[in-house]
Amino acid sequence: SPSSPPTPLGRRPHDAASNRPDSDPMKIERATLREIPLRLKEFFEISSGGSQDRRVLLLTLEGDGLEGWSECVASADPSYAYETTDTAWHVLTDFILPGVVGRDFSGPEDVLAPVSWIRGHGMAKAAVEMGVWDMAARADGVSLSAKLGGTRADVPVGVSVGLKSDDEALHEQVEGFLQDGYARVKIKIKPGRDVEMLSGLRERYPNVDFMADANSAYTLADVDRLKELDALDLMMIEQPLRYDDFLHHARLQERIETAVCLDESIKSAADTELALELGSCRIINIKPGRVGGLAESRRIHDMMQAEGLAVWCGGMLESGVGRAHNVALASLPGFTLPGDISASSRYWEQDIVSPEFTVSDGTMAVPKGVGIGVEVDVERVGALTTRVATFT
């Protein structure tokens, strides 16, 4: 049940590592959920809308002298998914955290077993599961990347560009990101801002790796329009049709040469199996928050790798906490395409972790420290916190 006010923010004395044998059970003794507001450096617009302010949910888990940090990636409104900041808070505080705090579990893969009856709400569930991955890595005295089976010391990264009102503004921002060294640029599109806009970019930058992201802005009736993109040599078009439409994505992929990448459609390994069976895509964007955590992300990664198909790690405008989890995941061998894991300075005037994430020569270094490998600025988080709930 909810307890008295939370313990002060900060690392516990024995947080760095643990000699706990792998066979010993783990336990979450305390969980603290906080909401903090963060303002993006610029208004970020996609086909379904946009915003400049993020309401970030941070989760701190404590147990066995260890601490784990994670982030719930739900947005304030249901434009990307049905989960929102407020529904995630409700599900976490009324159901998930009361169901898992104080129970023994063997590791991250089974921490959610007591609440398996909850349908959906993968973003809320992922926050708990990913926090336990951080704890488990700390227990073993290894980085989260190593705990997951990562094989790379750095990962290729791209950047996502929101919808712009005119081509001049778009070209100016793309030029800046190319000078920053990003390996790939993703352009948000929608009807009326698509083929001609991308053609202008391709003419100006003939050798840059571009991809388009429609965020479900089209229907199969637009197939002729989408087929025009084939001439632009794009890496892929991401989620062109409805978030729940596997059949029409398969029909679209049959008729266009550009690789279809699924994002919103894939919420689990089962969705991946369906997409592969139907031929709905040739690429998948894995966002651990969207698919329910890191264990499910690995399952999707393994399924795609077995088929010889590519995956990459997407972003949800995370703070440095969520970004640390994404970078660790992207170090797995099947993440062969640049992910949306931009530098901290791409989105924030000041991140909440140290060191902040940076990009060099199109790559980002994978943190080597134990757990997520970065330190949370606990003083800043405490000062920003607008609501808090603690369970013991």
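These figures come from a predicted structure and were not determined experimentally. (Residues numbered from 1 in each chain as written. Predicted model: local features only at pLDDT ≥ 70, side-chain atom pairs only at ≥ 80, totals over all residues. Heavy atoms only, no water.)

(A) Broad picture of helix H2 (residues 122-140). Over its 19 residues, H2 runs 26 Å from end to end, which matches the ideal 27 Å to within 8%, given 1.5 Å per residue. Taken across its 19 residues, H2 has 18 buried, putting it largely inside the fold. Where H2 ends, the next residue or the one after it, glycine 141, has phi of about 70°, a positive value. (Helix = DSSP H or I, 4+ residues; strand = E, 2+ residues; numbered from the N terminus. Expected span 1.5 Å × (residues − 1). Buried < 20%, exposed > 50% of the residue type's maximum accessible area, 1.4 Å probe, protein only.)

(B) Representation of the confidence of the model for the protein within the structure. Here the protein averages 91 in pLDDT, and 92% of its residues register 70 or above. Confidence over residues 1-8 falls short of pLDDT 50; this stretch has 18 contacts with residues more than four positions distant or in other chains. For the stretch residues 10-19, pLDDT sits under 50, and the model shows 28 contacts to residues farther than four places along the chain or on other chains. (pLDDT = per-residue confidence, 0-100. Contact = heavy atoms within 4.5 Å.)

(C) Structural context of the pattern of salt bridges. Under the defined criterion, the tally for this structure stands at 23 salt bridges. For aspartate 340, the salt bridge goes to arginine 184, with nearest N and O atoms at 2.8 Å. Of the two residues, aspartate 340 is situated in the loop between helix H11 (320-330) and helix H12 (344-347) and arginine 184 in the loop between helix H4 (167-179) and strand S8 (185-188); the sequence distance between them amounts to 156 residues. Taken individually, aspartate 340 and arginine 184 each receive the classification buried, so the pair is uniform in this respect. One salt-bridge network, in which partners are shared between bridges, spans Arg184, Lys186, Lys188, Asp213, Glu238 and Asp340. (Salt bridge = Lys/Arg side-chain N within 4 Å of Asp/Glu carboxyl O.)

(D) Looking closely at the packing of aromatic side chains. A full pass over the atoms with the stated rule returns 3 aromatic pairs. Look at phenylalanine 95 and tryptophan 117: their rings are 6.0 Å apart centre to centre, the planes differ by 85°, and that puts the pair in the edge-to-face class. Highlighted residues: phenylalanine 95 in helix H1 (residues 85-100) and tryptophan 117 in the loop between strand S5 (104-105) and H2, separated in sequence by 22 residues. A residue is classified by how much of its surface remains accessible, and tryptophan 117, at 55% relative accessible area, is exposed. (Phe/Tyr/Trp six-rings, centres within 6.5 Å; stacked < 30°, edge-to-face > 60°.)

(E) Here's a closer look at unusual backbone geometry. Look at the link from serine 354 to proline 355: it is a cis peptide, with omega at -5°. With respect to the helices and strands, proline 355 occurs in the loop between strand S14 (353-354) and strand S15 (363-365). Backbone geometry at aspartate 64 places phi at a positive 55°, although glycine is not the residue there. Within the fold, aspartate 64 resides in the loop between strand S3 (49-63) and strand S4 (66-72). Note on aspartate 64: relative accessible area 34%, which makes it partly exposed. Phi is positive for glutamine 239, which is not a glycine, with a value near 40°. Relative to the elements of secondary structure, glutamine 239 occurs in the loop between strand S10 (237-238) and helix H7 (246-255).

(F) The arrangement of empty space enclosed by the protein in detail. According to the stated counting rule, one finds 2 cavities of 30 Å³ or more in the structure shown. Looking at the lining of the largest cavity element by element, the count peaks at 3 residues for H11. Considering only residue class, the lining of the largest cavity consists of 2 nonpolar, 3 polar and 2 charged. When its volume is computed, the second largest cavity comes out at roughly 30 Å³. Taken together, Arg152, Val155, Pro156, Cys313, Ala330, Phe335, Leu337 and Gly339 form the lining of the second largest cavity. Residue classes in the lining of the second largest cavity are distributed as 6 nonpolar, 1 polar and 1 charged. (1 Å grid on protein atoms, 1.4 Å probe; cavity = no way out; pocket = protein on both sides within 12 Å on 5 of 7 lines; lining within 4 Å. Points joined across faces, edges and corners; volume = space filled by probe spheres on them. Nonpolar A, V, L, I, M, F, W, Y, C, P; charged D, E, K, R; others polar.)

(G) Expanded view of the sheet that holds S8. Pairing within the open sheet is parallel, and its 7 strands lie in the order S7-S8-S9-S10-S11-S12-S13. Either end of the sheet is taken by a strand with one partner, and the two such strands are strand S7 (159-161) and strand S13 (310-313). One ladder, built from 2 bridges, connects strand S11 (residues 260-262) with strand S12 (residues 283-286); its direction is parallel. By the bridge assignment, cysteine 261 is partnered in S12 with isoleucine 283. (Pairing = 2+ DSSP bridges.)

(H) Layout of the packing of H2 against helix H10 (residues 294-306). Relative orientation of the contacting elements H2 and H10 amounts to 90°, with a least axis distance of 8 Å. One finds that H2 runs roughly perpendicular with respect to H10. Contact residues: Glu129, Met130 and Trp133 in H2; Leu294, Ala295 and Arg298 in H10. Its residues placed into classes, the contact of H2 with H10 shows 4 nonpolar, no polar and 2 charged. (Axes fitted to C-alpha atoms, helices over the stretch in contact; angles between N-to-C directions. Parallel < 35°, antiparallel > 145°, perpendicular 65-115°, else oblique.)

(I) Seen up close, H10. In this model H10 runs 18 Å from its N-terminal to its C-terminal C-alpha over 13 residues, within 8% of the 18 Å that 1.5 Å per residue would give. By the burial criterion, the buried members of H10 are Leu294, Ala295, Glu296, Ser297, Ile300, His301 and Met304. In the segment just after H10, glycine 308 is the residue with positive phi, at about 70°.

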